[in-house]
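Overview (structure and organization)
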Amino acid sequence: MVVDSAYKTQMRFAHALSIVRAIPPHSTLQPVVADKLQFYGLYKQASEGDINIPKPSSRQIVDYAKWKVWSRMKGMSPIEAQKLYVDSLVQLLTHVLFEYIYIYMHIYIIYILFADLHNNSLYNVILIMNKLLSLKKLYIV
């Protein structure tokens, strides 16, 4: 059972890597630098285990940042790093998805609102505003 679980984790990790590698370089889906570093550290820990390179000079900003994030993973098992990598990716993509849904819902509601204002339908405007307020409650949670 443990071997089966490790195999599933490795398959999920491989799938997550293919998703990350498929994100276009200048896409809005690209994670912020801090998240990229976190993914890098988890990837290195998952694929190579504990850090095995000397600490670079802090003047080498990129190399030092990569070394630092990987060194923080020291002691974590590769399987655990794979699980965290997958979980982090799911969390990131979920956040991006909800961001897009939130933005497009508001654009749509504003469009409807202006369309109704143009038609001078105060009743419809009030209904839309109530819908907007109820949507906002969903995002507060």
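Quick caveat: nothing in here was measured; it's all calculated off a predicted structure.

In terms of helices and strands, the chain carries five helices and zero strands. Starting at the N terminus, the α and β elements of the chain follow one another as α-α-α-α-α. In the chain, which comprises 141 residues, the share counted as buried stands at 24%. In the chain, the proportion of contacts linking residues at least 24 apart, taken out of those at least 6 apart, comes to 65%. Carbon and sulfur atoms provide 65% of the accessible area of the chain, an area that totals close to 10,400 Å².

Within helix 3 (residues 61-71), the full set of buried residues consists of Trp67, Val69 and Trp70. Looking at the packing, one finds that the buried side of helix 3 touches helix 2 (33-48).

This brings us to the side chain of glutamine 82. Along the chain, the position of glutamine 82 falls in helix 4 (residues 78-118). By relative accessible area, glutamine 82 is classed as buried at 6%. Those residues in contact with glutamine 82 that lie beyond four places of it in its chain are Thr9, Gln10, Phe13 and Ala46.

Here the structure, examined in full by the defined rule, presents one salt bridge. Ionic pairing is found between glutamate 48 and lysine 44, a salt bridge with its closest N-O pair at 2.7 Å. Of the two residues, glutamate 48 and lysine 44 both sit in helix 2, four residues apart, roughly one turn of that helix. Relative accessible area serves as the criterion here: at 40%, glutamate 48 is assigned to the partly exposed category. For lysine 44, a relative accessible area of 15% corresponds to the buried category.

Bringing a nonpolar patch on the surface into the picture now. A surface patch of nonpolar side chains, amounting to about 550 Å² of accessible area, comprises Leu29, Tyr100, Tyr102, Ile103, Tyr104 and Ile107. We classify tyrosine 104 as exposed; its relative accessible area is 52%.

Taking 1.5 Å per residue, 16 residues should reach 22 Å; helix 2 reaches 22 Å between its end C-alpha atoms and fits that length. Residues Phe39, Gly41, Leu42, Lys44, Gln45 and Ala46 constitute the buried set of helix 2. Trailing helix 2 by a residue or two, glycine 49 shows a phi angle of about 80°, which is positive.

One recurring pattern in soluble globular proteins is that nonpolar side chains are buried together. The biggest cluster of nonpolar side chains holds 13 residues, and the ones touching the most others in it are Phe13, Ala16, Phe39, Leu42 and Tyr85. Elements with a contribution of two residues or more to this core: helix 1 (2-22), helix 2 and helix 4. Top element by residues in this core is helix 4. It accounts for five residues. Here leucine 42 is in contact with Met73, Met76, Ala81, Leu84, Tyr85 and Ser88, once residues within four sequence places are set aside.

The axes of two packed helices give the description: the angle between them and the distance between them. Following both chains from N to C, one finds helix 2 and helix 3 inclined at 60°, their axes separated by 8 Å at the closest point. Relative to helix 3, the element helix 2 is oriented oblique. Considering how the two elements wind past one another, helix 2 and helix 3 form a crossing that is right-handed. Along the contact surface, helix 2 presents Leu37, Gln38, Tyr40, Gly41, Lys44, Gln45 and Glu48, while helix 3 presents Ala65, Lys66, Val69 and Trp70. For the contact of helix 2 with helix 3, the class distribution of residues is five nonpolar, three polar and three charged.

Definitions and cut-offs
Residues numbered from 1 in each chain as written. Predicted model: local features only at pLDDT ≥ 70, side-chain atom pairs only at ≥ 80, totals over all residues. Heavy atoms only, no water. Helix = DSSP H or I, 4+ residues; strand = E, 2+ residues; numbered from the N terminus. Buried < 20%, exposed > 50% of the residue type's maximum accessible area, 1.4 Å probe, protein only. Contact = heavy atoms within 4.5 Å. Areas by Shrake-Rupley, 256 points an atom, 1.4 Å probe, with all protein chains shown as cover. Salt bridge = Lys/Arg side-chain N within 4 Å of Asp/Glu carboxyl O. Patch = residues over 30% accessible without salt bridge, like charges linked within 9 Å, V, L, I, M, F, W, Y side chains within 5 Å. Expected span 1.5 Å × (residues − 1). Core = buried A, V, L, I, M, F, W, Y, C linked by side-chain atoms within 4.5 Å. Axes fitted to C-alpha atoms, helices over the stretch in contact; angles between N-to-C directions. Parallel < 35°, antiparallel > 145°, perpendicular 65-115°, else oblique. Left-handed = near helix turned anticlockwise from the far one by under 90°. Nonpolar A, V, L, I, M, F, W, Y, C, P; charged D, E, K, R; others polar.

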